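# Architecture at a glance
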Amino acid sequence: MQTSLANRLDNVLACMEENSFTPADFVDHILGSTELRYESARNSLTTKAVRICAALYREEHAHPHVTQWAITIRDLGEFGGDDIGGMMHKEDDVNEEADGAFEKQSGKRQHRAAERNTALLVIRTVVMISICLQTSNSRCNLLQGWLGFFMRSVCVPEKVVEVFAHAGLSISLTSIHNAVSSISREISSKIKHKVRTLQAGFAYDNFDIQFKAAQPTLEHRGSFVSVTSATVIPLYGINDDNADALRSSAQLWDQDSHNPSLSVLPVMTEWRSFLQLHKNDAYSRQTHPDRLSPRQEAFSWHVRAILVNQVEGFKHFKKELDEPDTVKRIPVHKTTQIPCRAMDIKQSTTDGNVEVLDNLFRQGGIGDPRDSGFDAEHDVDMSEHIMLIHGDLLTEERLDTVRNSRCIEHTPKNRFQYVIFLPGLFHYKMACVDAI
């Protein structure tokens, strides 16, 4: 029986060798074929798949490859199962590439694991050294200060902070409170220093906080608070030589449509004025009959960019796609900002926006000398200046409502004539889409 089986096996192998066919090719093509005449062979392979895998696993030389394949199947969620599954049905050269990909992925996993272990070792070393240093000298508390401030920011219970402090992993509660107070005073000083130059703008928006109860009851279900955050943005390009450009509140109010006693015609209040702007727009005008206008050139560049980046047949033109022509390019510069103190004010209401701006001016140390809370020794008079205010479209609606209702007030600050609102770029684009 064994001799007969060996003879048949020799005959099959000789037939495969004569047809330049390997056993792996035979199995691969049988499983990959959908023809009915191969159905019996396919069923034989699929029904005995466990037996075949077990035989491969028992084979000493195949053991590493089978193990690697099993690891890869386990990690399909990370490396993409569809691509790897498709490799199993391709030709021999593609299978070799797949094997190389598996080995490369395994190497990456091992490299990442080694990096993680190294990082953990460094962290443990730093923690141990920091504990030893803080034990010998209480001023060596850099790590403990960071952890203490972090736990204070995420509202870790005081009992937990005390445990960390006794373990040498955090500073004491008193030191944490002193650090928070010191940082608050420092930031407040920075806000006043920058805002009092009257060369900065404000950006603010609301955010919501939900305070969940550990054990909710009918009387105590938690709370939901809507508060406002803001930041100070120093204006780029403004210096002592051109700072008077911001001292134009009275001139703009003379031409403001909210002004009940206009001295000159309002600025751009009719559609005819905007139409005249479009007629004089050189950006949309053709300078030569055979050339596109600058606006058309910009549109055509975007069409080319879409074709080159999205359509497979145009990707070879990517090197020929230059940058679009610039129009009034703003020089690249570093933008700085100073976060203001969060305000327990509901900014979505009209009165809330009034309170927000009054609060921001108090934080910045500016105001009107006729106000009761004005500190003549330290605060700066901003009644003749404009202030750039950034926000969303709802903020603009609320501020317009305030200006309409307060246009008969006697002081520039109470009239809100200093407000020059600038919507955020995202909100501006959304307004343009709505208009279209």
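Within any chain, residue numbers begin from 1 and follow the written order of that chain's sequence. Since the coordinates come from a predicted model, pLDDT governs what is reported: local features require at least 70, and pairs of side-chain atoms require 80 or more to be given and counted, while whole-chain, interface and lining totals use all residues. To obtain the side-chain values, all non-hydrogen atoms of the structure were used and water was disregarded.

### A short note on the sheet that holds strand 3 (residues 338-339)
Any two strands with at least two DSSP bridges between them are considered paired. Runs of E in the DSSP output that reach at least two residues are strands. Runs of H or I that reach at least four are helices, and both are numbered from the N terminus. Pairing within the open sheet is mixed, and its five strands lie in the order 3-2-1-6-7. Among the strands making up the open sheet, the edge pair consists of strand 3 and strand 7 (419-423). Note: strand 6 (residues 387-391) against strand 7, five bridges, orientation parallel. When the bridges of strand 7 are listed, Gly391 appears paired with Pro423.

### What about the environment of Arg362?
Here Arg362 is to be found in helix 15 (residues 350-364). Its relative accessible area of 57% is what places Arg362 among the exposed residues. Spatially, the C-alpha atoms of Arg362 and Lys192 are 9.0 Å apart, while their sequence positions differ by 170 residues. Think of it in three bands: residues with accessible area under 20% of the maximum for their type are buried, residues over 50% are exposed, and the middle band is partly exposed, with areas taken using a 1.4 Å probe on protein chains only.

### Some thoughts on helix 14 (residues 294-310)
Here the expected length of a helix is defined as 1.5 Å per residue gap, with one fewer gap than residues. An ideal rise of 1.5 Å per residue puts 24 Å on 17 residues; helix 14 measures up with 24 Å between its terminal C-alpha atoms. Listed as buried for helix 14 are Ser300, Trp301, Ala305 and Val308. The buried residues of helix 14 occupy an angular sector of 145° when the element is viewed end-on, so they sit on one face. Among the exposed residues of helix 14, those oriented more than 90 degrees off its buried face are Phe299, Ile306 and Gln310. Here, the arc refers to the directions that run from the helix axis to the C-beta atoms.

### Some points on the pattern of salt bridges
We count a salt bridge whenever a side-chain nitrogen from Lys or Arg sits within 4 Å of a carboxyl oxygen from Asp or Glu. Scanning the model with the defined rule gives eight salt bridges in all. The residue Arg403 makes a salt bridge to Asp256 at a minimum N-O spacing of 2.5 Å. Remark: Asp256 occurs in the loop between helix 12 (249-254) and helix 13 (271-279) and Arg403 occurs in helix 16 (residues 393-405); sequence separation between them is 147 residues. A relative accessible area of 14% means that Asp256 is categorised as buried. Shared partners join several salt bridges into a network, and the residues in it are Asp358, Asp371 and Lys413.

### Considerations on helix 11 (residues 173-195)
The terminal C-alpha atoms of helix 11, which comprises 23 residues, lie 33 Å apart, in line with the 33 Å expected from a rise of 1.5 Å per residue. What helix 11 keeps buried is the set Leu173, Ile176, Ile191 and Val195.

### With respect to the pairing of strand 1 (residues 200-211)
When strand 1 meets strand 2 (residues 223-234), the two strands line up antiparallel, connected through 12 bridges. Its bridge partner lying in strand 2, Asp205 is registered against Ser229.

### Describing the environment of Val180
Assignment of secondary structure puts Val180 in helix 11. Each C-alpha atom, one on Val180 and one on Ser153, is 9.5 Å from the other, the two residues being 27 residues apart in sequence. In what follows, a contact means two residues having at least one pair of non-hydrogen atoms within 4.5 Å. Sequence-distant contacts of Val180, that is, excluding residues within four places in its chain, are made with Phe149 and Arg152.

### Here's the deal with the packing of aromatic side chains
Two descriptors summarise a pair of aromatic rings, namely the distance from one centre to the other and the angle between the planes of the rings. Working definition: a ring pair exists when centres of Phe, Tyr or Trp rings (six-membered ring for Trp) sit within 6.5 Å. Plane angles under 30 degrees give stacked, over 60 give edge-to-face, the rest tilted. As enumerated under the stated definition, the model contains four aromatic pairs in all. Between Phe314 and Phe317, the ring centres sit 6.3 Å apart and the planes meet at 40°, which makes this aromatic pair tilted. By relative accessible area, Phe314 is classed as partly exposed at 34%. Among the residues examined, Phe317 registers a relative accessible area of 35% and is labelled partly exposed.

### Notes on the confidence of the model for the chain
Taken residue by residue, the chain gives an average pLDDT of 81. The fraction at 70 or more is 84%. When the elements of the chain are averaged for pLDDT, helix 6 (residues 76-79) gives the smallest value, 43, and helix 15 the largest, 93. pLDDT expresses, on a scale from 0 to 100, how confident the predictor is about each individual residue.

### Considering unusual backbone geometry
The phi dihedral of Ser20 falls on the positive side, at around 55°, and the residue is not glycine. A residue is classified by how much of its surface remains accessible, and Ser20, at 65% relative accessible area, is exposed. Residue Cys155 is not a glycine yet carries a positive backbone phi of 60°. Note on placement: Cys155 falls in the loop between helix 9 (142-153) and helix 10 (158-166).

### Things to note about the packing of helix 11 against helix 15
Axis definition: a line fitted to C-alpha atoms, over the contacting stretch in the case of helices. Angles run 0 to 180 degrees between N-to-C directions. Two numbers describe how helix 11 lies on helix 15: the axes approach to 7 Å, and their chain directions differ by 95°. Classed by the angle they form, the pair helix 11 and helix 15 counts as roughly perpendicular. Together, Ile191, Lys192 and Val195 of helix 11 and Arg362, Gln363 and Gly364 of helix 15 make up the contact between the two elements. Working rule for angles: under 35 degrees goes down as roughly parallel, over 145 as roughly antiparallel, 65 to 115 as roughly perpendicular, anything else as oblique.

### With respect to the nonpolar core
In this description, a nonpolar core means a group of buried Ala, Val, Leu, Ile, Met, Phe, Trp, Tyr and Cys residues linked to one another through side-chain atoms lying within 4.5 Å. Within the largest apolar cluster, 27 residues are counted, with the highest numbers of intra-cluster contacts made by Leu357, Leu360 and Ile389. Listed by contribution, the elements that provide at least two residues to this core are helix 11, strand 1, strand 2, helix 15, strand 6, helix 16 and strand 7. Among the elements that take part in this core, helix 15 stands out by supplying five residues, more than any other. In this structure Leu357 touches Tyr204, Ile389, Leu399, Phe416, Tyr418 and Val419, once residues within four positions along its chain are discounted.

### A few points about the packing of helix 15 against helix 16
Remark: helix 15 packs on helix 16, axes separated minimally by 9 Å, with the N-to-C direction vectors making an angle of 90°. With respect to their mutual orientation, helix 15 and helix 16 come out roughly perpendicular. Between helix 15, through Thr350, Asn353, Val354 and Leu357, and helix 16, the contact on the second element is made entirely by Thr395, Arg398, Leu399, Thr401 and Val402.

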